[in-house]
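The lines below spell out each chain.
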Amino acid sequence: MAKLFLFGIGGTGSRVIRSLTMLLAAGVDLPNCDRVVPIIIDPDAHNGDMNRTVQLLQSYQQIYKRLGPREEGFFKTDISTLSGISQDVNGSVKDTFIFDFGGINQSFRQYLSYDGLSVDSKGLVDLLFTQDNLESPLTIGFRGSPNVGSIVLNKLVESPEMRFFADNFQDGDRVFFVSSIFGGTGAAGFPLMLKNLKDSNTRLSNARYLRDAPTGAVTVMPYFALQSEDNAVIDSNNFLTKTKAALSYYEHNLQGLDALYYLADTPDTPYENQPGGTQQKNKAHVIELLAALSIVDFMRYSPAELRTGGPHFHEYGLGQDAPELQFSHLPDESREIMAKQLTQFLYFTRYHKQHLPTDKAPYADNLKLDYAMRNEPIFRELNTFLHGQDLGADQWLQELAQNRRSFRPFDLQTDDFNAMILGKPVEKKWNDFFNKGLSHNYLLDNLNKTEKSLQEPDNFRKLLELFYDVTDKAFEEKVKVV
Amino acid sequence: MKAFFRFLYELIGNPQPPADTPVYRDVIFPNLGLLNLGISAGLALVFYLLINRAMGVATFNKGRHWSIFLVLNALIAFFVTIWQTNAQQVTDHSYIYWLATWNAILGLAWFFIFSLLFKRASTNASTTPF
């Protein structure tokens, strides 16, 4: 059972995993793996982006547990916590998606035991770190300082989580890193993690498997700016300088990678300047979605392809530059991976919100939806995943559409299914009075028809299977191509 | 068949005036019975198999839509009785209206029974009326 260990490092790591979770919920295929094991590495335990992603992953996990493995469908890929991959946990690893830093409740100065250092060592520390670095509380991460991050994160390899990860690493498993290059945690964490995993002298078990495992990474270069404030800890004007410095390091020091994806965009409207904590909760951005696609792309290569002529470096180019991206602006390959699945998922979420609670139809009666949606926890979990105020799929699509550059393949305001794909309305034939395209009647008729043909005793599994089949048919018959 | 319909329609009493009893028993009751069965079955087929299956109309399947057909069936049964009695030139008597009302009630029953029979074959009304 091949696994993908996905290390999401820093705030960008969390946000990319959020996008990947949405893609997997939409049914995007992740080949060559049976299970994704996200491990979020962020010392900022209260980071808004991270906690939102963790909630989303937990919700996905609950839904998947009920659905089980299937050939196709929404939520078809298993997502597991690190401790969830083995029965033999021994209590050393918590059942969570977050790497446990054990609460670093101290400043960097205290972490280094600066006051106890020799004069020479203090001199070296003073050379490498500013006073601000030293006084910086580690509770909110490294605040854009990779030099701080590289010290703290270097201890990661000695943690119970890393040992557990290595103990359970098997032949055929893969590793992928998601990080930004212009921040603190990601820029420091990615090369360190890679170095430690691929180190030929590592004390981790299964060292050979780890060394030979197909390994990929996406490094997100600057794609947003931060509002300039006088006392701000992070100055986004330094992002490019930091990126150049990190790239020159990567050029010679990244050993053991099979594929590396680079992504960047020209920043538009600056984000609120929040160095960390609960307030750091940025809107979903298309770059994060494309970074999630790089994970899908990486998994589409066979191990042999990855090893031939590697490492492979990838960059991303839009089919057509535009401030508001629709499907037509994406290259064919990206459309092929996600356009149909996202459209189906949108139809599902919209129908789930607009019609499901009020549908009086055989499919709803047979699934006992009226009762289930009010009383069964798994139905409420699905509702949270789709429509949750902060973490739901609706919110994710809204954020993508509102951000700059925006990803707006759908009209999220309309109730008309025919007009939901921007730039690709469903055509209604003028000479066919009865053809109303993707009407409520069309969807309802197909829901009733398909429900009759599905032999599934569990009403939740049947509901998801039913909507996947119906939205698939709707896409093939009415939309055809985007 | 004649005996069955005679039994069914004389549940409300013997035909009036007594002089017309043979016409009722030999002609009107069988005609009414067969027409009522046929119309009820036809309307149930239209509702369950034509509208809610063949035509793919999925939003005309609620209890209120079914009730429209039920009431329509009763009205047709009522007026078919008036038409039949007029056609057979029986004596004008209040019994005709009692018979028409009874035929309408039977129409309701037939439509309900046919609904139970046909609903399983319907796509969009398989749970209508329940």
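Nothing here was measured: the structure is a model prediction, and the numbers come from that model.

## What about the overall build of chain B?
For step 1, the next point in the chain: A count of helices and strands for chain B gives four helices and zero strands.
For step 2, the next point in the chain: Counted from the first residue to the last, chain B has its helices and strands arranged as α-α-α-α.
For step 3, the next point in the chain: Classification of the 130 residues of chain B by burial places 37% in the buried group.
For step 4, the next point in the chain: For chain B, the share of sequence-separated contacts (at least 6 apart) that also reach a separation of at least 24 residues comes to 78%.

## A look at the domain arrangement of chain A
All names here are of chain A.
For step 1, the next point in the chain: Entries for chain A in the domain assignment read domain 1 (3-102 + 142-316) and domain 2 (332-479).
For step 2, the next point in the chain: Each of domain 1 and domain 2 has a C-alpha centre, and the two are 30 Å apart.
For step 3, the next point in the chain: Contacts between the two partners involve 28 residues from domain 1 and, on the opposite side, 29 residues from domain 2.
For step 4, the next point in the chain: At the level of secondary structure, the elements contributing two or more residues to the side of domain 1 that touches domain 2 comprise helix 1 (10-25), helix 2 (48-67) and helix 11 (286-300).
For step 5, the next point in the chain: If one sorts the elements of the side of domain 1 that touches domain 2 by residue count, helix 2 sits on top with nine residues.
For step 6, the next point in the chain: For the side of domain 1 that touches domain 2, the residue count by class is 16 nonpolar, seven polar and five charged.

## A look at the sheet that holds strand 7 (residues 312-315) of chain A
Adjacent strands of a sheet pair through backbone hydrogen bonds, lying either parallel or antiparallel.
All names here are of chain A.
For step 1, the next point in the chain: Here we have seven strands laid out as an open sheet, ordered 3-2-1-4-5-6-7, and parallel in their pairing. Since the sheet does not close on itself, it has two edges, and those belong to strand 3 (78-79) and strand 7, each with one partner.
For step 2, the next point in the chain: Alignment of strand 6 (residues 259-263) against strand 7, held across four bridges, turns out to be parallel. Across the sheet, leucine 260 pairs through a bridge with phenylalanine 313, a residue of strand 7.
For step 3, the next point in the chain: Packed on one face of the sheet, helix 1 meets strand 1 (3-9), strand 2 (35-41), strand 3, strand 4 (174-180) and strand 5 (215-220) and runs near 125° to strand 4.

## Some points on the UniProt feature "transmembrane region" (unreviewed entry) in chain B
All names here are of chain B.
For step 1, the next point in the chain: Under the local residue numbering, the UniProt record ascribes the feature "transmembrane region" (unreviewed entry) to residues 28-51, 63-83 and 95-118.
For step 2, the next point in the chain: Here residues 28-51 runs as 100% helix and 0% strand, with 32 Å between its end C-alpha atoms.
For step 3, the next point in the chain: Between the C-alpha atoms that bound residues 95-118 there is a distance of 34 Å. The span itself is 100% helix and 0% strand.

## A few points about the nonpolar core
For step 1, the next point in the chain: Core analysis: the largest hydrophobic core is formed by 133 residues, its most contacted members being Leu6, Ala25, Ile39 and Val178 of chain A.
For step 2, the next point in the chain: Sort the elements by how many residues they give to this core and helix 11 of chain A lands first, with 10 residues.
For step 3, the next point in the chain: When residues are assigned to domains, this core turns out to be shared by domain 1 (3-102 + 142-316) and domain 2 (332-479) of chain A, each giving three or more.
For step 4, the next point in the chain: The contact partners of leucine 6 of chain A, leaving out residues within four places of it in the chain, are Ile17, Val36, Val37, Pro38, Ile39, Phe176, Val178 and Ile295 of chain A.
For step 5, the next point in the chain: Formed by 26 residues, the second largest nonpolar core is a distinct cluster that contains Phe29, Phe47, Ala77 and Ala104 of chain B.

## Quick look at the packing of helix 2 of chain A against helix 16 (residues 377-387) of chain A
All names here are of chain A.
For step 1, the next point in the chain: Orientation of helix 2 relative to helix 16, taken along the N-to-C sense of each, is 135°, at an axis distance of 9 Å. Here helix 16 runs oblique to helix 2, going by the angle between their axes. The element helix 2 and its partner helix 16 pack so that their crossing is left-handed. Counted together, Ser59, Tyr60, Gln62, Ile63 and Arg66 of helix 2 and Ile378, Glu381, Leu382, Thr384 and Phe385 of helix 16 form the full contact between these two elements.
For step 2, the next point in the chain: Here the contact of helix 2 with helix 16 is built from residues that sort into five nonpolar, three polar and two charged.

About the thresholds
- Residues numbered from 1 in each chain as written.
- Chains lettered and ligands numbered in written order.
- Predicted model: local features only at pLDDT ≥ 70, side-chain atom pairs only at ≥ 80, totals over all residues.
- Helix = DSSP H or I, 4+ residues; strand = E, 2+ residues; numbered from the N terminus.
- Buried ≥ 20, exposed ≤ 12 C-beta atoms within 10 Å, placed from the backbone.
- Contact = placed C-beta atoms within 7 Å.
- Domains from an automatic or database assignment.
- Nonpolar A, V, L, I, M, F, W, Y, C, P; charged D, E, K, R; others polar.
- Pairing = 2+ DSSP bridges.
- Axes fitted to C-alpha atoms, helices over the stretch in contact; angles between N-to-C directions.
- UniProt positions renumbered as here; feature names shortened; annotations may be inferred.
- Core = buried A, V, L, I, M, F, W, Y, C linked by C-beta atoms within 7 Å.
- Parallel < 35°, antiparallel > 145°, perpendicular 65-115°, else oblique.
- Left-handed = near helix turned anticlockwise from the far one by under 90°.

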